[in-house]
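Fold and geometry: a report
In case you want the letters, here they are:
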Amino acid sequence: MGARLDALRALQNVELQIVDIRRQLQAKERLIAAQGGKLQGGEGALGAEREQLNRAQREFDALDVEIKARSGHIAKLREHLNSVKTNKEYASVLQQLNNEKADLSKLESKALELMARVEEARASLGAHETALVGERRRLEELRGQLESTRNAYSKRLAELTAERERAAAGLDPATLVHFQRLSDRYDGEALAEVLRPSPRRDEYICNGCHISLTAEIANALAVRDDVISCRSCGRILYLGKK
Ligand SMILES: [Zn+2]
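Every value quoted in this text rests on a predicted model; they were computed, and no experiment measured them. (Residues numbered from 1 in each chain as written. Predicted model: local features only at pLDDT ≥ 70, side-chain atom pairs only at ≥ 80, totals over all residues. Heavy atoms only, no water.)

**Description of the coordination of the zinc ion**
- Looking at the zinc ion, the protein donor atoms are Cys 206 (SG), Cys 209 (SG), Cys 230 (SG) and Cys 233 (SG), and they sit 2.3 Å from it.
- In the primary structure, the donors to the zinc ion are separated according to the pattern C-x2-C-x20-C-x2-C. Within this pair, whereas Cys 209 is found in the loop between strand E2 (204–206) and strand E3 (212–213), its partner Cys 230 is found in the loop between helix H4 (215–223) and strand E4 (236–239), the two being separated by 21 residues in sequence.
- The exposure class assigned to Cys 209 is partly exposed, which follows from its relative accessible area of 27%.
- Residue classification places Cys 230 among the buried residues on the basis of a relative accessible area of 3%. (Donors = N, O, S within 2.8 Å, 3.2 Å for Na, K, Ca; no water. Helix = DSSP H or I, 4+ residues; strand = E, 2+ residues; numbered from the N terminus. Buried < 20%, exposed > 50% of the residue type's maximum accessible area, 1.4 Å probe, protein only.)

**A look at the packing of aromatic side chains**
- Evaluation of the coordinates by the stated rule reveals zero aromatic pairs.
- One cation-aromatic arrangement involves Arg 235 over Tyr 186; the distance from NZ or CZ to the ring centre is 3.6 Å. (Phe/Tyr/Trp six-rings, centres within 6.5 Å; stacked < 30°, edge-to-face > 60°. Lys NZ or Arg CZ within 6 Å of the ring centre and 35° of its normal.)

**Points about the domain arrangement of the protein chain**
- Along its sequence, the protein chain is carved into domain 1 (3–170) and domain 2 (190–239).
- Here domain 1 and domain 2 have C-alpha centroids that lie 59 Å from each other.
- Contact with domain 1, which involves six residues of that partner, is made by ten residues of domain 2.
- Between domain 1 and domain 2 the total buried area reaches about 770 Å² when both faces are included, carbon and sulfur atoms providing 56% of it.
- Broken down residue by residue, the surface that domain 1 buries against domain 2 is led by Arg 4, Leu 5 and Gln 12, which jointly contribute 64%.
- Linking domain 1 to domain 2 there are zero salt bridges.
- Applying the counting criterion to the domain 1 and domain 2 interface returns five residue pairs in polar contact (both at pLDDT 80 or more).
- Within the side of domain 1 that touches domain 2, the residues separate by chemical class into three nonpolar, one polar and two charged. (Domains from an automatic or database assignment. Contact = heavy atoms within 4.5 Å. Buried area = accessible area lost by both parts, 1.4 Å probe. Salt bridge = Lys/Arg side-chain N within 4 Å of Asp/Glu carboxyl O. Polar contact = N/O pair within 3.5 Å; in protein donor to acceptor, adjacent residues only side chain to side chain. Nonpolar A, V, L, I, M, F, W, Y, C, P; charged D, E, K, R; others polar.)

**Description of the packing of helix H1 (residues 3–82) against helix H3 (residues 173–185)**
- It is at 12 Å that the axes of H1 and H3 come closest, and there the two elements cross at 35°. H1 and H3 meet at a crossing whose hand is right-handed. Where H1 abuts H3, its residues Arg 4, Leu 8, Leu 11, Gln 12 and Glu 15 lie against Thr 175, Leu 176, Phe 179, Gln 180 and Ser 183.
- Taken together, the residues of the contact of H1 with H3 sort by class into four nonpolar, four polar and two charged. (Axes fitted to C-alpha atoms, helices over the stretch in contact; angles between N-to-C directions. Left-handed = near helix turned anticlockwise from the far one by under 90°.)

**Brief notes about unusual backbone geometry**
- A positive phi angle, near 50°, is found at Asp 187, a position not held by glycine.
- Mapped onto the fold, Asp 187 is located in the loop between H3 and strand E1 (191–195).
- By relative accessible area, which is 45% here, Asp 187 ends up partly exposed.
- Notably, His 210 is not glycine yet its phi reads approximately 65°, a positive angle.
- Considering the arrangement of structural elements, one finds His 210 in the loop between E2 and E3.
- We classify His 210 as exposed; its relative accessible area is 52%.

**Focus: the sheet that holds E3**
- The strand order E3-E2-E1-E4 describes an open sheet built from four strands, whose pairing is mixed. With partners counted over all chains shown, the strands left at the sheet margins are E3 and E4, one partner each.
- Pairing of E1 with E4, which is carried by four bridges, proceeds in the parallel orientation. Paired with Ala 192 across the bridge in E4 is Leu 237.
- Where H1 meets the sheet, its contacts fall on E1 and E4, and the angle it forms with E4 comes to roughly 110°. (Pairing = 2+ DSSP bridges.)

In structure tokens:
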């Protein structure tokens, strides 16, 4: 053990805290993204629903216009019936009147059905709009939580960044690059302690990947300040303080 491995351990200690904060922020960002996606999906569905409602409403309006026209025609046929001269003409107009009335009745029941559909669609739309208001509020809440977590951590992150710089100052650039690469790969865990599971045996393992290590590695670390990597996981090895 020596200054270099101590600096690397200090660096890892800082790095782990930074990674932990970053992970917490990322988890919140993921929640926001998921909520945003949910909201977008909901808004799309709502748009389609609105379009459907408008179509049903237009269909109903057109039907209403037709019903009014037919009712007007029926009123005219009734008047006409009072002024016919012959039985034959009377029978013909009566026939027309009955046909018109039968058609009107069909149109009216269709209009009733349509009206029920419009009302149902409107109620469903209203319920979905209310639900979406809740989802929008949830998104705002999540954004607020991220913001306050960011604020809460900003001071700590600045401190950690300064600490990291102090720890990095004691290391050469190549070792720093090596450390950073391992840190990126192992979420800040660039180092692994060399463990000796039994004090009675001269056996060692890497605490990062649990592969067995030779006694030479442990001996070298005990006397030298070298950067030695685990041959399996690549983490920089160090001996725990006795
Ligand atoms: Zn290992």
